[in-house]
Structures are given as C-alpha cells and as structure tokens.
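Fold and contact review
Below are the chains, spelled out letter by letter.
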2 protein chains.
Amino acid sequence: MSRLVMKFGGTSVANIERIRNVARHVKREVDAGHEVAVVVSAMSGKTNELVAWCTEASPMHDAREYDAVVASGEQVTSGLLAIVLQSMGIQARSWQGWQIPIKTSDAHASARIEDIDGSEIIKRFQDRKEVAVIAGFQGIDPRTNRITTLGRGGSDTSAVAIAAAVKADRCDIYTDVDGVYTTDPRIVPRARRLEKIAFEEMLEMASLGAKVMQVRSIELAMVHRVRVFVRSSFDKPEDIDPMSNHPPGTLICDEEEIVEQQVVTGIAYSKDEAQISIRRVQDKPGVAAAIFGPLAESNINVDMIVQNVSEDGLTTDITFTVPAADYQRACDILEKARPAVGYDKLDGANDVAKVSVIGIGMRSHAGVAAKAFRALADRGINIRAISTSEIKFSLLIDADAAELAVRRLHSLYGLDK
Amino acid sequence: MSRLVMKFGGTSVANIERIRNVARHVKREVDAGHEVAVVVSAMSGKTNELVAWCTEASPMHDAREYDAVVASGEQVTSGLLAIVLQSMGIQARSWQGWQIPIKTSDAHASARIEDIDGSEIIKRFQDRKEVAVIAGFQGIDPRTNRITTLGRGGSDTSAVAIAAAVKADRCDIYTDVDGVYTTDPRIVPRARRLEKIAFEEMLEMASLGAKVMQVRSIELAMVHRVRVFVRSSFDKPEDIDPMSNHPPGTLICDEEEIVEQQVVTGIAYSKDEAQISIRRVQDKPGVAAAIFGPLAESNINVDMIVQNVSEDGLTTDITFTVPAADYQRACDILEKARPAVGYDKLDGANDVAKVSVIGIGMRSHAGVAAKAFRALADRGINIRAISTSEIKFSLLIDADAAELAVRRLHSLYGLDK
C-alpha cells in the first residue's frame, strides 16, 4: 500500500465526462489499496473567463479580490470530482485551501505556500479510507483569513506541497504529455522519454524551457524529496496496471534512485533570449553592481553573464542575456546608467537562442562541453557566449541555428533512440 | 447617517456592465454618508449551470459537495463587485459566508442561519468607511467547517439576517419589480403599489403567492424587526434622492409604523392548489392524526382544513387543500390509509384556486369576510371552502373564476387606484 497524490490539470477536468475519466484513474489506485489525495485545477477555460471578468471590472483590480474570484474555479471541480467518486462507491470529500488549511504568504495572485496541516487528511485516510479531493492553486493567508492563489501553474505546486505534508510515497502529475523527454520531440523526432530524471536535472530542464511542470513545483519537490511521476492523462485508466513499477511516464527523483546515470540527460533550448554586450566598461570595483542593480530593480532577469579579463587592465566587455520581451527596456535602463557605469558602447541582438546540455554525470566527467564546442564548430555554428554550472552548460547561438544545434547535440551525447 | 444592507439578485449582476450599475446604486448611498453592506446573488444562469453539473456528475449527489460547488457563484459576484467599487474610489471588501462567519445548521442545500458575527463588518464601517460585499445564499456549518447553502432565494434571507446582525436601519431588496402591490397587476391593472405593509401582512402575501420575496426572509425580518424596503434595480441609480423618505418602493415594517392602516391591504391568489374531500369519516378521536400523519410524513403540505360538525354525531366530511403537484400522491396515500381512517369515499379536484384577502385591520373590523361572500355570490362564484385567521381569510373557488374573484374583491375593499 502506498500513499499517493494525483494531480489533474484543466484539460483533464474540462467537463463532467472527463472528470469521470479522472475518477476512473483514482478508482484504479484506490482499488489497488492506495491512500489517495487528488489535486485538481479549474475546468480549462474557466480561469481565463474569471480573469477576464476581473480585468473588465477594473484593469487595476485588487489582488485580494482577484484571488477570491479566480479560486472559485478549482472549488467547482473539486466538488464535482468528489460527487463523481462517491457515485462510484468511493468515499471522497472536497477540500478548499482554507479548509485544510493551506497557509500561504500574503503575496496575493502569486502566494507561496508556508505550511500545510495534513493531519486531518491523513486521519481520514486511516479512519475512513476517504479520498481527499483538493482544490489546487489556492490557499489562505492566515493573518487576514483571505483566499490566496499561487499564480499560473500553481496546482503543480499545490500537489507537491500536499504530497510533502501527507508524506506521500509519490506525487503523480497527469498532464498532456506522457513524460519528460531528452529534448523537444517536435524538433528532434528521435527524442526519448526518460524513465527517470534527477530533481536537479529536471529543475534545469524546466527553467530552461521544457514546459512539463512549473519550476517552483520542482524546487519544492527537490527540497522535500517528493518523488514526482509525470504521466499522461490520456491513457485509458483501466489499461494501466497500478502495481506495475513501470507505467508509462517519467519519475523525477533523487539521483541516488537512478542506477545507470548517463553523462547527459537532456538538451533544453529557449528562443526567448536577447543578448546585450557592454563594450569597454571601466574595469573597477562596483561596476557590476552599477550595471545589474538597475536591471534587478526593474525585475529584469539577467542570465549568462560573461565578463572577459581585460587585456589592458583598464576596460572590459560584459555580455549577458535577458528575456527577449525585456530587451528594449533593458537597453533603455542601461543607456540611462551610462554616466554611472562609464562604458563606451552598447550592442545586442534579440535573434539569439540558448541551448543547454544537462546531466548530473557532468560532475564526474571532464571534457563534456569541449565536445560540444567542436561539434558545433564543425557545423559552422558560432557560439556567442558560454556559461556553465556543475550539472549543465549553456551556449548562446544565433536563433536560426537553434534546431540544428539541438539535433546535433542530441545525437552527439547518445540521446537518440 | 444610516446603516443599510442592499441586496441585489441574479439579473442585477448578470454581467460586468450590470455590476457597474449596482455599484452606482451603492455609491449613491455611500456618498450620502451611509454605512453599507451589499449582499449579492450569483450571476443569473450561473447557479443553474452549477446545479446542472452536479446533477450530471451524479443525480444523487452529496449535498455537502453540491453546496461547495454552487456557493462558488456568489463568491465570484462578491469579488467582482468589490473590484468595481474600488475602481470608483470606494473602500470595499468581499466576504464569503465562512469568512464572516455566517453560521448555519447542517441541513446542506437548505440550511438555516443560526448566528452571524457582525462585529468585524461594523468595525470596518467605523474605522475605514469600508463597504462589505457579502456573498448571499451561503454560510458555514461550524461543526464540520463545510460550506452550506440556504436553498433557492436564500440571498434574501442572507440580507435580512445580516441586517439584523449589523443592526441596520433598513434592508433594501433590489428586485425586478418596484414594490409590493395590492394584488398581481397582470390580473388587476388597477392594482396599486403599497407604500408600506406590515410584516404579518407581507408574510401572508408572500406565502400565498406574491413572489416578491422568499417567505423565510420575511419571517426572519419579522422576528428581528428588520425594516425591509423592496425597490426596483432598474431605476437609474442617479435618479434617486438617497435622502428622500419616499423613493419608489414598498417598506415592509412594523404595523406601528403604518399610520393609516387600511382594513384590507391586498389580495393574493394561488392556482397551484388541489382540493381533497373525505366523505363520511368516522367522527372519533385520533381520526385527524390518521389522515394527516401519513401526508406529513410524505412532506405534503396540507392547507385550509375544513371539518364540518356531523349531523348524526357519527360521521363527518373533511375537506383540505394540497399543492396541485402533490394531488395524486396525496390521493394514493389516503387510499392506503382508508382501513386505518375508516371513511366512505374520497373525492377531489385540482382545478381550484385559493383567493386570500389580507389586512391587519381585520382584527378590529367585523364583517369583512361576510362582504366578500355576498359579492362573490352576486357574481355566481361558488365558494368551496373557507378558512380564516386573525389577519386574512382564504376562499377556495373554481380555478376559472379566480381572476374575476380577485378583481371583484380588489374593488370591493377599495384597493383600486
């Protein structure tokens, strides 16, 4: 017997027929003797409708009222799923964020979960074999007794946090893909589904553009060591053996659980990048702060900072990337900061792409990145900038070479099936 | 300065444009210096949609889950109205039933309000001039921490109960009619809007078929002496002088507040009645219990019981009415009870109507009913049964004579304008 959290997104609960399908997935696990908590999103389209009403009511709406309005979507699905489960003879009860309670920060519309009391849900697992159907995406600020929401994709975070709170053996994320792939299968048809991926790797994959799960939910899973299993909600519920150790999907887990660790696990890429280079910056203390301080204050995320050691010891070139959407704003801010920073000129490009190679195995293998530089050079792909960490390296290249580079690296590191 | 509760139904909040119109009504009262709590229903159509989902999920759905689902409709409108009010520069905050809290019984889907703590709302009136926007129709069962709903039309009850809890000077019910009329204007074009009506009279008018307000809400108003003002939500918000003592509408109030009390206040009628007569019932103790006990157990509402004193002292005839929808079911139950009751035969009709004449003034005036008997006889209208109370009398007549009777009585008691 295991204790499971099962999470279903908006398309999986879009109407009563689909909710019935979700219920059959739940029934399979209950029949196998597992203790189950289900986390649901709003019916697809509902959150958008509610958000549109708030915006029509006032473009500058109060986030507390916005939260009260949009949280109603998950409230509806949780109640409906509980009804369907009961009609199948399964003990079930719905839970809103405030009922458990899921305590969050007061950052309405993007609150962070602070504490979840899982005791009542565990008690009902044990006393009544009752399935808890929990409204995702929401919580309560205990200081004001107001409903909060976690921001888009927050139901993943709810699911992982609840899994941690009830000490679940696994958190199953049912989504519209059947797992995590070595890279985007739309670009590389030979991409393989990973059977397992380590938390750290998944975090890099997610934040670098693989859109399977929300980044925050993976961080949370890593901190609390919650094993997360990504699987498809389109699978026929009855076709899956609940006792199988290998249902189709990808397990996100501790690296120790991955016996045969590959050097490279996956290739991620992002085309929403822009590069900015500041030429002949005075090479003196405080200059980095003068550049990046104003950008941070404007909430612009800076990535891949590369600074060359200057030849003359007087000036240097600094290159970094920002999200493409912030490119113009970043340039304007830097122009304004020119007197304080002291530099010669600014240049940049927003037709660039970032390709990243990820793998925990890199820690113990030298020369992994060097292989990539050679391979891309052979194909005539120019590398604009490089940044590395323990378990990944990222290359900034021209956007129109991105697909070619991803395919080349995918086969270079033996990921093709 | 007064303290007001303003209640708006589903058609008044059907979309953002109409919610804006509601907000202008609220602004008028706030600008006049009043302290305001607003109670809102769900957008029209929303509750039906949510109920339909519950029924599709399972026809025998759990009432606790049903309540969690349907209460979301009012949650949405309360948040949206708060947003619109804020955008007009008015301090406002939404409140769900569980936040105040509005404590109710555990009778899910038709819960009764047990207690409301109005202290926080009053504090915010005083400290911040904040408008409370309250989700109607719902509360919480404090024993289980579950959302409850009050049943259809429950927002009227919410409004009156909140008015009592915050000690409001008046509870304004904005509806699709501009007040309470002496009778149904569709039948009697000369029907007049009443400026005032006593609680007791309104209770009779409402339970006898005038569909302006839910009966329970009027009972509650009477018990707590909450003055209720019924007015139209179609009035242009800016056309009404908030300081006027006579805006268009009807005040439901204590009889002492009605200086010129008429003998008759209004005529109500109902065509949804059926008559059942039990012939030659044994006239012995316990026979009434044997008849009405089984009907009560089947939740059939019995009204207008008439029993004649028997000539021979051995048998009697008993006539009563039931809702037309329950006619056949009632007959079946009585057929089954025949051995226990001991009667000769059953007859009945479901093409009957009940016409009622209501007025507190009847208490001090003799012969009010006798005038009616004469007037209807003059028109050839046969009276099948009569029942009387202190402040009303009801006549059971053939359904096709109902309109004629209502018109005749309306003019007989000087109610024509």
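Shown above is the structure to which this text applies.
Please read these numbers as outputs of a predicted model, since none were measured by experiment. (Residues numbered from 1 in each chain as written. Chains lettered and ligands numbered in written order. Predicted model: local features only at pLDDT ≥ 70, side-chain atom pairs only at ≥ 80, totals over all residues. Heavy atoms only, no water.)

Glancing now at the pattern of salt bridges. Residue and element names in this part refer to chain B. In this structure the tally under the stated criterion is 73 salt bridges over all chains. Note that Lys7 is salt-bridged to Asp156, the shortest N-O span being 2.9 Å. Residue Lys7 is found in strand β1 (residues 3–8), and its partner Asp156 is found in helix α6 (residues 154–165); the two are separated by 149 residues along the sequence. Comparing Lys7 with Asp156, the two get one shared label, buried. (Salt bridge = Lys/Arg side-chain N within 4 Å of Asp/Glu carboxyl O. Helix = DSSP H or I, 4+ residues; strand = E, 2+ residues; numbered from the N terminus. Buried < 20%, exposed > 50% of the residue type's maximum accessible area, 1.4 Å probe, protein only.)

A word on the sheet that holds strand β14 (residues 303–307) of chain A. All names here are of chain A. One open sheet accounts for 6 strands, arranged β14-β15-β13-β16-β18-β17; its pairing is antiparallel. With partners counted over all chains shown, the strands left at the sheet margins are β14 and β17 (383–389), one partner each. When the angles between neighbouring strand axes are averaged without regard to direction, this sheet yields 25°. Inspection of the sheet shows strand β13 (residues 266–282) paired to strand β15 (residues 315–323) by 8 bridges, in the antiparallel sense. Within β15, the residue paired with Gln275 across the bridge is Thr321. Sitting on the sheet, helix α10 (residues 327–341) is in contact with β13, β15 and β16 (345–358), with an inclination near 25° to β13. (Pairing = 2+ DSSP bridges. Axes fitted to C-alpha atoms, helices over the stretch in contact; angles between N-to-C directions. Contact = heavy atoms within 4.5 Å.)

Taken as a class, soluble globular proteins show a tendency for nonpolar side chains to be buried jointly. By size, the foremost hydrophobic cluster in this structure holds 44 residues, and its most contacted members are Val5(B), Ile134(B), Cys171(B), Met213(B) and Val228(B). In terms of residue count, the dominant contributor to this core is α6(B) (6 residues). If we skip the residues at most four places from it in the chain, Met213(B) touches Asp156(B), Val160(B), Ile173(B), Ala206(B), Ile218(B), Val228(B), Val230(B) and Ile252(B). Membership of the second largest hydrophobic core comes to 41 residues, among which are Ala165(A), Ala168(A), Ile218(A) and Val228(A). (Core = buried A, V, L, I, M, F, W, Y, C linked by side-chain atoms within 4.5 Å.)

On to the interface of chain B and chain A, then. Taken residue by residue, the interface counts 39 residues in chain B and 39 residues in chain A. Between chain B and chain A lies a buried interface of about 3,400 Å² when both sides are counted; carbon and sulfur atoms form 56% of it. At the junction of chain B and chain A, the tally comes to 5 salt bridges. For Glu49(A), the salt bridge is made with Lys46(B), and the minimal N-O distance between the two is 4.0 Å. Counting the contacts that link chain B with chain A gives 18 residue pairs in polar contact (both at pLDDT 80 or more). (Buried area = accessible area lost by both parts, 1.4 Å probe. Polar contact = N/O pair within 3.5 Å; in protein donor to acceptor, adjacent residues only side chain to side chain.)

Bringing the sheet that holds strand β3 (residues 92–95) of chain A into the picture now. Residues and elements named next belong to chain A. Taken in spatial order, the 8 strands of this open sheet run β3-β6-β2-β1-β9-β11-β12-β10, and their pairing is mixed. Among the strands making up the open sheet, the edge pair consists of β3 and β10 (196–198). For this sheet the average axis-to-axis angle between neighbouring strands, irrespective of direction, equals 20°. Across the sheet, helix α4 (residues 72–87) touches β2 (35–40), β3 and β6 (131–135), and the angle it forms with β6 is around 160°. In this fold helix α6 (residues 154–165) packs onto β1 (3–8), β2, β6, β9 (170–175) and β11 (228–232), with an angle of close to 175° to the strand it touches most, β1.

Residue and element names in this part refer to chain A. Within the element layout of this structure, Thr182 appears in the loop between β9 and β10. Polar side-chain contacts of Thr182 include one of 2.6 Å to the side chain of His410. Beyond its immediate stretch of four places on either side in the chain, Thr182 contacts Ala191, Arg192, Leu194, Met205, Thr265, Gly266, Ile267, His410 and Leu415.

Moving on, we come to helix α3 (residues 63–70) of chain B. Most of α3(B) sits out of view: 6 of its 8 residues are buried. Residues of α3(B) that are buried: Glu65(B), Tyr66(B), Asp67(B), Ala68(B), Val69(B) and Val70(B). Contacts from the buried residues of α3(B) go to α4 and β3 of chain A together with α2 (46–57), α4 (72–87) and β8 (146–149) of chain B. Here α3(B) starts with a cap whose side-chain oxygen sits 2.8 Å from the backbone nitrogen of Arg64(B), and that cap is Asp62(B).

So yeah, pure geometry; function would need other evidence.
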